[in-house]
Amino acid sequence: MSDSSSVTHLAQLLQSRVQDGQRVRFTVTPDWLQGRTTFGGLLSLLAVQAMRDVCGANWPLRALQTNFVGPVVAGHFYADITLLRQGKNIRQVQCHVTQEDADGNIQVGGVLLGVFGTGRDSTLPALMPQMPEVGKTVDEAMLLPFIPGLTPDFTQHLEFRFGEGGLPFTGAADWFSRTYLRLRQAQGIDAELMSVLLSDAGPTPALARLNRPAPASSVSWALELRPITDDVAHDGIWRMDKDALAVGEGYVNERTSLWTPSGQLAALGYQVVAVYA
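Residues numbered from 1 in each chain as written. Predicted model: local features only at pLDDT ≥ 70, side-chain atom pairs only at ≥ 80, totals over all residues. Heavy atoms only, no water.

(A) A look at the pairing of strand S5 (residues 61-68). Strand direction decides the pairing type here: S5 and strand S8 (residues 106-117), joined by seven bridges, are antiparallel. Bridge pairing links glutamine 65 to leucine 113 in S8. Where S5 and strand S12 (residues 216-225) come together, five bridges link them in antiparallel fashion. Considered in S12, the bridge of glutamine 65 is made with alanine 222. (Pairing = 2+ DSSP bridges. Helix = DSSP H or I, 4+ residues; strand = E, 2+ residues; numbered from the N terminus.)

Here it is, written out as structure tokens:
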């Protein structure tokens, strides 16, 4: 963990935002970077918060599509919000993430679409997936360290315990990973925002097939959220299950299942990841 004076907790990032009509300004600190850009899960979380600020937080988030267009470096960026449609049960909201570059030009960092929907009475029977068991329990799983200069900066905010599958860059035969994780300082962060953040916290499991480090970058991300009915303790340990579904021509199609500390399905994610190896 880096010096605490250089670390900005997630709640602090959220508290420092400034809203001006349909625009919300955020300030991201270097400890939240992934390489040269802001960690994608954080960028999406902040965009969702901006959508809530402008259009209302009374309906739960049901789906989120994120296209990572360009790097969003440490410093100020803007989330411009547009309400596309407000129906009786569904609200669709667009977010444009922009940032001024070193030459004063406005660059697009991301385009996101959030779908918020109220619960409705339905004759459909409930289908509640059960969290599958993995080879190691939380207590048995290996704690992965934060190594400055080697592991991404944002990972210092998270605790990872490796439960099953292949570790990145070990030449393993696995195409999957099962990881226990939690946000170290999670006070004041609700379960919906936590689901967005944690669903993008792990690398593609395809990196386990490589024998040496190589960069990878998310191109697009589709996240589907499920309602969480159990109370989630701020220090609870979640589980992230990732599976590579198809790989070729330098791209990985993968699926993520995120489970709450009590074993409820919180989200299903689908990503296209570019691997430069």
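(B) Expanded view of unusual backbone geometry. Its identity as a non-glycine residue notwithstanding, phenylalanine 169 has a phi of 65°, on the positive side. Relative to the helices and strands, phenylalanine 169 resides in the loop between strand S10 (158-165) and strand S11 (176-183). In the Ramachandran plot, glutamate 249 falls in the positive-phi region, its phi being about 55° despite a non-glycine side chain. Following the sequence through the fold, glutamate 249 ends up in the loop between strand S13 (238-248) and strand S14 (251-259). The exposed category is assigned to glutamate 249, whose relative accessible area is 82%. (Buried < 20%, exposed > 50% of the residue type's maximum accessible area, 1.4 Å probe, protein only.)

(C) Seen up close, helix H3 (residues 191-199). With eight of nine residues buried, H3 is to be regarded as a mostly interior element. Backbone nitrogen of glutamate 192 and a side-chain oxygen of the N-cap are separated by 3.0 Å at the start of H3; the cap is aspartate 190. (Polar contact = N/O pair within 3.5 Å; in protein donor to acceptor, adjacent residues only side chain to side chain.)

(D) Highlighting the nonpolar core. The biggest cluster of nonpolar side chains holds 52 residues, and the ones touching the most others in it are Leu10, Trp32, Leu42, Leu183 and Leu197. With nine residues, helix H2 (residues 40-55) is the single largest residue contributor to this core. (Core = buried A, V, L, I, M, F, W, Y, C linked by side-chain atoms within 4.5 Å.)

(E) Spatial organisation of the packing of aromatic side chains. Counted by the stated rule, this structure contains two aromatic pairs. The interplanar angle of 5° and the centroid separation of 3.9 Å between the aromatic rings of phenylalanine 39 and phenylalanine 154 together place this pair among those described as stacked. With phenylalanine 39 in the loop between strand S4 (37-38) and H2 and phenylalanine 154 in the loop between strand S9 (142-144) and S10, this residue pair connects regions lying 115 residues apart in the sequence. According to the relative accessible area criterion, phenylalanine 39 is buried, its value standing at 0%. A relative accessible area of 2% places phenylalanine 154 in the buried class. A cation sits over an aromatic face here: arginine 23 above tyrosine 78, 4.3 Å from the ring centre. Positioned above the aromatic ring of tryptophan 59 is the side chain of arginine 91, whose terminal nitrogen or guanidinium carbon lies 4.5 Å from the ring centre. (Phe/Tyr/Trp six-rings, centres within 6.5 Å; stacked < 30°, edge-to-face > 60°. Lys NZ or Arg CZ within 6 Å of the ring centre and 35° of its normal.)

(F) Spatial organisation of the pairing of strand S15 (residues 265-275). With eight of 11 residues buried, S15 is to be regarded as a mostly interior element. The sheet contact formed by S12 and S15 spans nine bridges and is antiparallel. Paired with leucine 225 across the two strands is alanine 267, which belongs to S15. Between the antiparallel neighbours S14 and S15 lie five residues, among them glycine 263 with a positive phi of about 95°.

(G) Up close: the environment of proline 71. On the secondary structure map, proline 71 appears in the loop between S5 and strand S6 (75-86). A relative accessible area of 38% places proline 71 in the partly exposed class. In this structure, the C-alpha to C-alpha distance between proline 71 and aspartate 139, residues 68 residues apart in sequence, is 37 Å. Excluding residues that lie within four positions of it along the chain, proline 71 makes contacts with Arg36, Thr37 and Gln99. (Contact = heavy atoms within 4.5 Å.)

(H) Expanded view of H2. Over its 16 residues, H2 runs 22 Å from end to end, which matches the ideal 22 Å to within 8%, given 1.5 Å per residue. By the criterion of burial, H2 is predominantly enclosed, with 14 of the 16 residues buried. A positive phi of about 110° marks glycine 56, the residue just after H2. (Expected span 1.5 Å × (residues − 1).)

(I) Here's a closer look at the pattern of salt bridges. In this structure the tally under the stated criterion is 10 salt bridges. Put simply, glutamate 159 and arginine 182 hold a salt bridge, and the shortest N to O gap is 3.2 Å. Of this pair, glutamate 159 sits in strand S10 while arginine 182 sits in strand S11, and the two are 23 residues apart along the sequence. Across the salt bridge formed by lysine 242 and glutamate 254, the nearest N and O atoms sit 2.7 Å from each other. Here the residue lysine 242 occupies a position in strand S13, and glutamate 254 occupies one in strand S14, the gap between them amounting to 12 residues. (Salt bridge = Lys/Arg side-chain N within 4 Å of Asp/Glu carboxyl O.)

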